[in-house]
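Fold and geometry: a report
For reference, the chains in residue letters:
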Amino acid sequence: MGIAQPVTELPPKPIHAAELMAPERPRPQGRTQPVATKPPATPSSALNADSQAAAAKAAKAARAAEARAADERIMSSRASDSRPVDGQTACADHEPASQQVLDALFSGDAAFAELARRSPAEAFRCSSLFPGDAALAALRDAVPQAPFDAVGAADQLSTRPGGEEIIAHALDLGLLTRSLEGGMPFYETRHELRKRLPKTDLRTLEIHAAKALAASLARDPAGMAPKIGALLDDMVDDPPADRFRITMAMSSEDLLGLIARIGPQLYTSSLDGLVNILRIQVKLEKRSFLDLAREERTRPLWAEFFVATVGGGRAASLFGTNPAIARELMRESLRALLPADGKPPAIDTAVVIGALADAMDLDSPPIRAALEDELAARYRAAGEPPAKTGLQEVSIRNGTGDTPARGMIGLAGSLHAARLSGRAATPAFEAERFPQNHPLAALPVLSGQRLFRNGINVQRMTFYDDPDGRASFRGFLRQHRAKGWALHGQSGFAVAISPERNGRRIVIVADIPGAGDAGRAAAWDWMAREGLAPSIVIHRGHSYHEDATMTEIAPGTALVFWGSCGGHTRLRSTLERAPDALVLATQNIGVSTVNEALLGIMEERLLADGAIDWNAVWKEARGRIRDRRFASYKRPDQDSANLAFRAWQVRTASH
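Residues numbered from 1 in each chain as written. Predicted model: local features only at pLDDT ≥ 70, side-chain atom pairs only at ≥ 80, totals over all residues. Heavy atoms only, no water.

Turning our eyes to something else, we now look at the overall build of the chain. Summing up its helical and strand segments, the chain has 34 helices and eight strands in all. Per-residue burial over the chain gives 48% buried out of 655 residues. At a minimum sequence separation of 6, the contacts of the chain that also span at least 24 residues come to 69%. Surface accessibility of the chain: about 30,800 Å² in total, with carbon and sulfur atoms responsible for 54%. (Helix = DSSP H or I, 4+ residues; strand = E, 2+ residues; numbered from the N terminus. Buried < 20%, exposed > 50% of the residue type's maximum accessible area, 1.4 Å probe, protein only. Contact = heavy atoms within 4.5 Å. Areas by Shrake-Rupley, 256 points an atom, 1.4 Å probe, with all protein chains shown as cover.)

Right, here's the structure in full:
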């Protein structure tokens with residue numbers, strides 16, 4: 001028996017578009033030395049069976065090592081101006097050491113003691129890099145300044161002599177209570193605290209933390225809301241009773257403001273939990289959502305709260321079971337959402353139209369009827385001549401007698417009418433003839449003609465140089481290698497080519513994290529030489545990289561996939577660059593595993609059918625993707641904001 005031997009691969013030759021449709025070249029029989037043929041194992045030759053199993057295991061390990069080596073070769077195919085690979089110096093959280101930590105490493109014990117005084121959080125985070133007794137003494141002295149940071153470093157400290165003493169000092173209840181600041185330190189170290197504090201002390205500290213957090217939110221709602229939202233999302237695996245106890249000191253106004261400011265960016269489970277707690281808190285305070293829509297403190301946030309709650313699928317919770325109250329609440333919501341006195345709406349017009357349509361998409365006929373009647377009444381009122389026609393009123397009617405507010409209501413009515421699917425609307429709603437007066441624009445179809453050229457579908461996939469981008473890129477390589485795709489590392493970018501199926505191939509041109517602008521330029525130069533133009537653009541990375549991907553979108557792009565958190569907010573910008581593109585994005589959290597599964601399904605449909613049928617894609621995705629966060633991905637042909645934006649564009653152009 002031979003053992004698998006690594007094979008040195010030559011750099012790939014340039015690929016020409018004409019060659020992609022050539023018949024498959026014969027594949028080598030394998031990259032291992034020949035294995036001697038052995039007879040089947042029998043009960044009397046168990047030793048031979050064990051040898052075969054060992055050989056198979058060794059061959060499998062060799063193939064895995066070879067695949068990892070191939071990944072490394074592609075990852076190292078950076079452009080000439082790319083940054084060097086991160087250094088080996090990293091702290092216990094796997095993030096690189098800061099410059100001040102590096103300075104202390106090279107400057108001795110006195111420098112670390114100064115670091116511990118000046119920045120105890122960094123000293124504790126990277127304490128494993130400083131094993132000496134002098135560093136331990138400096139950490140011990142830093143505990144009163146940063147006890148929560150000491151608790152957060154418990155895993156590092158507990159493995160060194162004297163470390164447990166430091167942890168015990170940091171766990172003093174009085175010291176922790178005095179160091180709570182805005183309450184966040186408790187929640188950031190909650191796992192260690194739960195392991196090390198007595199239950200009574202833990203509960204006491206948590207009560208103080210919740211109060212501190214509520215007070216901090218009241219002082220700085222805009223600054224604290226995103227931090228609390230990120231914390232709730234980070235606690236997704238905690239028991240619900242622990243996860244949402246963070247809100248136990250918050251009033252209904254605080255909770256409404258939290259949802260209004262961060263709702264669209266939250267995990268669906270975080271939003272659901274907050275809405276549920278708000279409903280309970282409203283009852284405890286003997287109030288209603290209608291009260292909050294009218295109160296001075298919460299009225300300015302009602303539009304954002306409405307969009308976040310309805311967009312998150314909680315319209316039924318918002319409107320309740322009383323039709324009369326539901327209609328009043330719809331009236332207040334329309335007042336908050338629609339532009340007045342010629343001013344533009346505070347929220348994107350298409351988002352408002354979509355939210356109004358989604359609000360009426362309810363299972364309760366009485367509540368749906370109440371909302372339909374109120375929408376129709378507001379539509380009629382918006383179309384009546386003003387009592388005094390001033391210059392401003394004339395200007396916003398665009399010479400058509402149709403104000404922007406009335407146009408928005410009309411399109412929301414059309415969207416709702418299209419979803420009724422044979423169900424009856426109220427006579428008042430039907431009388432306004434929304435579909436006839438405000439027709440929706442037809443969605444583009446992802447046909448083979450748009451997606452393929454000479455049997456080749458070209459996709460542009462962007463990755464970025466951060467831990468998430470590097471991990472996602474490695475996942476991309478693994479996924480496509482497992483499916484038998486050819487992977488080529490070029491200078492600054494990678495090319496993945498599918499096996500031929502039904503006369504079709506997919507070519508994905510992907511960034512190599514770290515190659516930067518030079519790698520991107522090299523990718524576009526290569527595509528230009530090969531005569532390839534991407535019909536699909538895919539963003540793989542955090543939302544703060546979206547501006548860079550936006551430049552990849554051309555007027556002829558057919559589909560844009562935003563795999564980032566809150567990619568749905570890029571809908572307008574995307575369609576302004578590619579008016580006939582469909583957009584697939586998430587309303588809140590983008591997840592790498594969901595992105596990989598969904599993109600894989602789309603690739604299969606492209607190769608099998610030569611087009612994308614969203615019914616088939618979504619049916620398969622629901623059966624295959626078990627992550628609950630898939631629910632926040634918006635199907636392009638049923639996305640309210642997408643439909644509303646196109647219809648609003650047509651309306652604006654006609655006026």
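Let's shift gears to the pairing of strand β7 (residues 582–586). β7 sits mainly inside the fold: five of its five residues count as buried. Burial along β7 is two-sided: the residues Leu582, Leu584 and Thr586 and Val583 and Ala585 are all buried. In this structure, β7 lies alongside strand β8 (residues 633–634), joined through two bridges in antiparallel fashion. Looking at β8, one finds that alanine 585 is bridged to lysine 634. (Pairing = 2+ DSSP bridges.)

A word on the sheet that holds strand β2 (residues 486–489). Strand order in this open sheet of eight strands is β2-β3-β4-β1-β5-β6-β7-β8, and the pairing throughout is mixed. Looking at which strands have only one partner, the edges of the open sheet turn out to be β2 and β8. In this structure, strand β1 (residues 456–462) lies alongside strand β4 (residues 505–511), joined through six bridges in parallel fashion. When the sheet's bridge partners are listed, valine 458 is paired in β4 with valine 507. Along the sheet face, helix α28 (residues 467–482) touches β1, β2, β3 (493–497) and β4 and points at about 160° away from the line of β4. In this fold helix α33 (residues 614–624) packs onto β6 (559–562), β7 and β8, with an angle of close to 20° to the strand it touches most, β7. (Axes fitted to C-alpha atoms, helices over the stretch in contact; angles between N-to-C directions.)

Grouped together as the largest cluster of nonpolar side chains are 167 residues, with contacts concentrated most on Phe319 and Leu598. The residues touching phenylalanine 319, leaving out its near neighbours within four places in the chain, are Phe306, Ala326, Leu329, Met330, Ala359, Ile367 and Leu371. Core analysis: the second largest hydrophobic core is formed by 11 residues, Val458, Val507, Val509 and Ala523 among them. (Core = buried A, V, L, I, M, F, W, Y, C linked by side-chain atoms within 4.5 Å.)

Where helix α15 (residues 252–262) contacts helix α16 (residues 268–284), the two axes come as close as 9 Å, and the packing angle between them is 155°. Between α15 and α16, the interaxial angle falls into the category roughly antiparallel. Along this stretch, α15 crosses α16, giving a crossing that reads as left-handed. Along the contact surface, α15 presents Ser252, Leu255, Leu256, Leu258 and Ile259, while α16 presents Leu271, Leu274, Val275, Ile277, Leu278, Gln281 and Val282. The class makeup of the residues in the contact of α15 with α16 is 10 nonpolar, two polar and no charged. (Parallel < 35°, antiparallel > 145°, perpendicular 65-115°, else oblique. Left-handed = near helix turned anticlockwise from the far one by under 90°. Nonpolar A, V, L, I, M, F, W, Y, C, P; charged D, E, K, R; others polar.)

Now for the packing of aromatic side chains. Going through the model one piece at a time under the given rule, you end up with 14 aromatic pairs. Ring centres of phenylalanine 463 and phenylalanine 476 lie 5.6 Å apart, and the angle between their planes is 50°; this geometry places the pair in the tilted category. One end of the pair, phenylalanine 463, is in the loop between β1 and α28; the other, phenylalanine 476, is in helix α28, with 13 residues separating them in the sequence. When its relative accessible area of 3% is taken as the criterion, phenylalanine 463 is described as buried. Between phenylalanine 493 and tryptophan 526, the aromatic rings sit 5.8 Å apart at their centres with planes inclined by 50°, giving tilted as the arrangement. A residue pair is termed long-range when its members are at least 10 positions apart, and phenylalanine 493 in strand β3 and tryptophan 526 in helix α29 (residues 516–530) qualify at 33 residues. As far as the burial class goes, phenylalanine 493 and tryptophan 526 line up, both buried. Grouped by ring-pair contacts, the aromatic residues Trp614, Trp618, Phe630 and Tyr633 constitute a single cluster. The ring centre of tyrosine 379 lies 3.9 Å from the NZ or CZ of arginine 406, which sits over that ring. (Phe/Tyr/Trp six-rings, centres within 6.5 Å; stacked < 30°, edge-to-face > 60°. Lys NZ or Arg CZ within 6 Å of the ring centre and 35° of its normal.)

A separate point is helix α24 (residues 404–419). The end-to-end C-alpha distance of α24, which contains 16 residues, comes to 23 Å, matching closely the 22 Å that a straight helix rising 1.5 Å per residue would cover. Taking burial as the measure, the 16 residues of α24 include 12 buried ones, the bulk of the element. If you check which residues of α24 are buried, you get Ala405, Arg406, Gly407, Met408, Ile409, Gly410, Leu411, Ala412, Gly413, Ser414, Leu415 and His416. Elements that come into contact with the buried residues of α24 comprise α21 (349–359), α22 (365–383), α25 (427–431), α26 (434–437) and α34 (640–654). (Expected span 1.5 Å × (residues − 1).)

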